[in-house]
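Observations on the model geometry
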Amino acid sequence: YALVAALGILAIAVILALLLGRSLARPIKRLAQAAEAVTAFDFSGARRLGSSPFRELDVAGRAWDSMLAALRWFETYVPKALVGQLLHESAHGELKPEEREVTVMFTDIVGFSRIALRHTPTSVAAFLNRHFGLIGRHVEGEHGTIDKSIGDSVMAFWGAPVSDPDHALHAARA
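The structure displayed is predicted, hence computed values, not measured ones.

Of all hydrophobic cores here, the largest spans 13 residues; its most connected members are Leu128, Val139, Ala156 and Trp158. Considering every element that reaches this core, the biggest residue donor is helix H5 (residues 121–141), with five residues. Within the second largest apolar cluster, eight residues are counted, among which are Ala34, Phe41, Phe43 and Val83.

Here the focus is the environment of Phe112. Positionally, Phe112 belongs in helix H4 (residues 112–117). Relative accessible area serves as the criterion here: at 14%, Phe112 is assigned to the buried category. In sequence terms Phe112 and Val124 are twelve residues apart; their C-alpha atoms lie 9.7 Å from each other. Not counting residues within four places of it along the chain, the set of residues in contact with Phe112 comprises Val124, Phe127, Leu128 and Asp152.

With that settled, the discussion passes to the side chain of His167. Relative to the helices and strands, His167 is located in helix H6 (residues 167–173). A distance of 2.5 Å separates the side chain of His167 from the side chain of Thr103, its partner in a polar contact. Those residues within four positions of His167 in sequence are excluded, and the remaining contacts are Glu101, Val102, Thr103, Trp158 and Gly159.

Cut-off values and rules
- Residues numbered from 1 in each chain as written.
- Predicted model: local features only at pLDDT ≥ 70, side-chain atom pairs only at ≥ 80, totals over all residues.
- Heavy atoms only, no water.
- Core = buried A, V, L, I, M, F, W, Y, C linked by side-chain atoms within 4.5 Å.
- Buried < 20%, exposed > 50% of the residue type's maximum accessible area, 1.4 Å probe, protein only.
- Helix = DSSP H or I, 4+ residues; strand = E, 2+ residues; numbered from the N terminus.
- Contact = heavy atoms within 4.5 Å.
- Polar contact = N/O pair within 3.5 Å; in protein donor to acceptor, adjacent residues only side chain to side chain.

Structure follows, in structure tokens:
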């Protein structure tokens, strides 16, 4: 009877270990798949991990979800190709300061304060989102980089960090 009981307990322990292993492996596998998507700069392919009944995995999942949200915001303002190039250069020790000629563009909406006062905050925000989206598409389409947006203004530049002998032409086209 003792041998049968021991074998029964052993079988139950093995089954519980397999179930526990699977429940631990699922979120780790999701994290690995999401990390592969982020490595390829595919933030839309990276899924949120959500919560886990295991404290360590739950903490890691919440940190991952926060990082992914930040990366999606970052992606809105910085071209993927530029981030990829900078990461590649910094990994190979090639990223160093240098002096070069660039073209800088500043935009500003004339009379924006008066316009904003006549509209609701929601309509002003929608207008600015369309405005910044339009400028962003044209700047990125002409190989430029948006440095910053301040209020209704945008600062963009061409010719750095990627060298571009036609930086002035690309800026004028944008």
